[in-house]
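Given next are the chains, with one letter for each unit.
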Amino acid sequence: MDFLQLKKRTYSYLGFRSVGQSAETDEAITQCFAELEKIAHFRYIYKFLETPPAFLNVEPYLEYLKGSVGVIVCVMTLGGEVDRRIKYYERTNAAFAVILDACASAYLEELSDEYEASLNLDLSYRFCPGYGGSSTDDIRKIFRILQPEKIGLSLTESNFILPCKSMAGIVAVGKKAKKNCNNCAVFGHCEYRKEGVTCYGSVKK
């Protein structure tokens, strides 16, 4: 695992919360990843579909899938213990809880990237409902396809996945593309960009 990339991702999330880089934060990040390695229970379930399901036949999915030969529909999670540990620190050490939350988000992204790389397919980046103006209601459609309730995931009425450190999305197969901000619906008022970062990395904009 690339811990340098993990740290960059973590600082991207922390930058959104105006937590700057420091020796103290670096040490807390190291502690958080050590804790996550012990308590996280990463699960990734997916289904490859040659024909995209009907809910993907609208923009921005059509543009994302252009030139692909199929799509992976996927759900991934770190498991419930991570959520419980974050809530524990919210009661006992609020600053550490913020850092652990950011580390968990970065950890989930990194483990998901590694899992997808292990599939040995030409894959684009993950595209999650809510990106680029797409509807978070589409998470429910992904749930209907994969039925991740069998590994303990559920949805709230407002389409938040529980446990919180979970994601649902799609990955285009047969094409390679990198994330960028140009087509994002919140480009003009993105809080990440105001901090000089992106939601998918720490590159200055």
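Rules of the game
Residues numbered from 1 in each chain as written. Predicted model: local features only at pLDDT ≥ 70, side-chain atom pairs only at ≥ 80, totals over all residues. Heavy atoms only, no water. Axes fitted to C-alpha atoms, helices over the stretch in contact; angles between N-to-C directions. Helix = DSSP H or I, 4+ residues; strand = E, 2+ residues; numbered from the N terminus. Parallel < 35°, antiparallel > 145°, perpendicular 65-115°, else oblique. Left-handed = near helix turned anticlockwise from the far one by under 90°. Contact = heavy atoms within 4.5 Å. Core = buried A, V, L, I, M, F, W, Y, C linked by side-chain atoms within 4.5 Å. Buried < 20%, exposed > 50% of the residue type's maximum accessible area, 1.4 Å probe, protein only. Arc of directions from axis to C-beta. Pairing = 2+ DSSP bridges. Phe/Tyr/Trp six-rings, centres within 6.5 Å; stacked < 30°, edge-to-face > 60°.

Close contact between helix α4 (residues 80–92) and helix α5 (residues 94–117) brings their axes to 6 Å; oriented N to C, the two are set at 155°. Considered as vectors, α4 and α5 are oriented roughly antiparallel to each other. By crossing handedness, the relation of α4 to α5 is classed as left-handed. Side by side, α4 and α5 meet where Val 82, Arg 85, Ile 86, Tyr 89, Glu 90 and Thr 92 of the first sit next to Ala 94, Phe 96, Ala 97, Leu 100, Asp 101 and Ala 104 of the second.

Let us look at the nonpolar core. Residues Leu 36, Ile 72, Val 75, Ile 142 and Ile 170 are the most contacted members of the largest nonpolar core, which totals 55 residues. What Leu 36 contacts, discounting residues up to four positions off in sequence, is Val 82, Leu 100, Cys 103, Ala 104 and Tyr 107.

Here we take up helix α6 (residues 138–146). Listed in full, the buried residues belonging to α6 are Asp 138, Ile 139, Ile 142, Phe 143 and Leu 146. Along the axis of α6, the buried positions cluster into a sector of 155°, meaning they face one direction only.

Between Glu 59 and the following residue, Pro 60, the backbone shows a cis peptide bond with an omega angle of 5°. Looking at the secondary structure, you find Pro 60 in the loop between β1 (43–49) and α3 (61–65). The amide bond that connects Leu 162 to the next residue, Pro 163, takes the cis arrangement and shows omega of 0°. Although it is not a glycine, Gln 147 adopts a positive phi angle of roughly 50°. By secondary structure assignment, the location of Gln 147 is in the loop between α6 and β5 (154–155). The phi dihedral of Asn 159 is positive, around 70°, even though this residue is not glycine. You can see Asn 159 is positioned in the loop between β5 and β6 (161–162). Looking at Asn 159, the relative accessible area reads 7%, which means it is buried.

When you tally the buried positions in strand β7 (residues 166–173), you get eight out of eight residues, the bulk of the element. On β7, burial covers both faces: Ser 166, Ala 168, Ile 170 and Ala 172 on one face and Met 167, Gly 169, Val 171 and Val 173 on the other are all buried. Taken together, the three bridges between strand β3 (residues 123–127) and β7 define a ladder with antiparallel strand orientation. If you follow Leu 123 over to β7, its bridge partner there is Val 173.

With that settled, the discussion passes to the packing of aromatic side chains. Taken as a whole, this structure holds 13 aromatic pairs when the rule is applied. Here Phe 33 and Tyr 107 contribute two aromatic rings whose centre-to-centre distance is 6.2 Å and whose plane-to-plane angle is 45°, an arrangement assigned as tilted. With Phe 33 in helix α2 (residues 23–39) and Tyr 107 in helix α5, this residue pair connects regions lying 74 residues apart in the sequence. A relative accessible area of 6% means that Phe 33 is categorised as buried. Between Tyr 61 and Phe 127, the ring centres sit 5.6 Å apart and the planes meet at 70°, which makes this aromatic pair edge-to-face. Remark: Phe 127 occurs in strand β3 and Tyr 61 occurs in helix α3; sequence separation between them is 66 residues. Pair check on accessibility: Tyr 61 and Phe 127 agree, each one buried.

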